Amino acid sequence: MMQFTFDAPTIIRTKRDGGVLSDAAIDWVIDGYTHGRVADEQMSALLMAIFLRGMTKPEIVRWTTAMVNSGERMDFTDLRRDGKPLALVDKHSTGGVGDKITIPLVPIVMACGGAVPQAAGRGLGHTGGTLDKLESIPGFSAELSKARIRQQLCDLGAAIFAAGELAPADRKIYALRDVTGTTESLPLIASSVMSKKIAEGTKALVLDCKVGSGAFLDTEAESRELARTMVELGAAEGLVTRALLTDMETPLGRTVGNAVEVAESLEVLAGGGPADVVELTLALAAEMLDAAGIDGTDPAQTLKDGTAMDRFRKLVATQGGDLEQPLPIGPHSETVTAPRSGTMESIDAMAVGLAVWRLGAGRSVPGGRVQSGAGLRIHRRPGEPVAAGEPLFTLYTETPEQFQAALAELDGGFSIGDEPPPQRPLIIDRITSGD
């Protein structure tokens, strides 16, 4: 029987013209790109065609499966602690501005008896990446061997690692999406997230799906559809999967960047920190513990009694990090002051995210270096009183020539009024399989 041979231009044209890719075509192009037979230029064109034309549910399922199959699946089902199987659970955010939640969340879940195999990502577009943030800690490394990951899950209850050989097709596509304007695509977001999470060997997964100006998708309806799609992809693989829709109209907390977000996370672990960061961290912790079947623990107590901080310090030290050394901060700073007195009405998460990207906290080419010390501090959040001339934002960078572009992104990205703005709920909805 004659075997049909695919080629990249035909697959690109099919999607460009609104066609549906066959399972075999998807398998071929993902395998071809993983092994260098499909060029970056060709995959870039296909990603843009998918961005513009979308994908059917069966296409998304197959694309996800092909990316999982591009590497190996990790399996931790044989691991035991105190003679019992590990309660494996993970969390993923679809990407936000000031979203440092993973950093305090993982040690809270560790302290409550969960085991978190956290395959974390780097920054994408205007959003920061957990690995870029944690790597601002002197010495910290996320390059862990499989044996090391297994050992840490048993001994500590967590490992935060670069995806490495997990879904290697996604690693290449992720970097390409970051620099080709194709990040904000529901099929590409869903398949990217779920391919890594399916491959990493977790048994339960909680998704934090962002809604608002700082999210990748424009509307709440699209974010809701993304959440449902990912929950369905997880359920189809036997993963206990649920999602929270959470607000990303305003940056989370008071810092955006890399090291500045680690510093704020340490404040949370010390029992303080911004109220919104604490609220979302504890809500996601409760969901993770429930999904993993862990009850009888209080996540908030781990912040009060210091056990979460202890777990974080052990985790960081085990992965080579030294929290005794000062976190880097950009040596050059600029301050934006209030043009009038009143109440801070709004801060646009997208404007802040792009400003911080301009300062050097993100990438403009695949594999580019990020500045650990680049970032922004928010002095007045929505609802807080403002006096004319007082600081609203402080910007930090190693490269002062980038201030002009960053300030241009921030211009018009906040407003001061006479009345406090209406309060927005941080947690909008909860989506589970079958919703």
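Residues numbered from 1 in each chain as written. Predicted model: local features only at pLDDT ≥ 70, side-chain atom pairs only at ≥ 80, totals over all residues. Heavy atoms only, no water.

Per an unreviewed UniProt entry, the protein is named Thymidine phosphorylase, and its organism is Mycolicibacterium moriokaense. Looking at the protein in UniProt, the text filed under Subunit (unreviewed entry) is "Homodimer." (UniProt positions renumbered as here; feature names shortened; annotations may be inferred.)

### What about unusual backbone geometry?
With phi around 55°, Asp82 is a residue other than glycine that occupies positive phi space. For Asp82, the position within the fold is in the loop between strand E1 (80-81) and strand E2 (84-85). What makes Asp82 exposed here is its relative accessible area of 73%. With a phi close to 40°, Ala167 is a non-glycine residue in the positive phi region. For Ala167, the location among the structural elements is in the loop between strand E5 (158-162) and helix H8 (168-179). (Helix = DSSP H or I, 4+ residues; strand = E, 2+ residues; numbered from the N terminus. Buried < 20%, exposed > 50% of the residue type's maximum accessible area, 1.4 Å probe, protein only.)

### Points about the sheet that holds strand E11 (residues 375-378)
Spatially, E8-E11-E13-E9 is the arrangement adopted by the 4 strands of the open sheet, whose pairing is antiparallel. Of all the strands in the sheet, the pair left with one neighbour each is strand E8 (255-257) and strand E9 (332-337). Each strand axis lies, on average, 15° off the axis of its neighbour in the sheet, ignoring direction. Sheet analysis places E11 next to strand E13 (residues 391-397), joined by 4 bridges and oriented antiparallel. Of the residues in E13, the one forming a bridge with Gly375 is Tyr396. Contacts from helix H11 (residues 259-269) reach E8 and E11, with the element oriented near 140° to E8. (Pairing = 2+ DSSP bridges. Axes fitted to C-alpha atoms, helices over the stretch in contact; angles between N-to-C directions. Contact = heavy atoms within 4.5 Å.)

### Considerations on the environment of Leu176
With respect to the element layout, Leu176 can be found in helix H8. A relative accessible area of 8% places Leu176 in the buried class. Along the backbone, Leu176 and Val316 are 140 residues apart, and their C-alpha atoms lie at a distance of 30 Å. The residues contacting Leu176, other than those within four sequence positions of it, are Tyr33, Asp40, Met43, Ser44 and Leu47.

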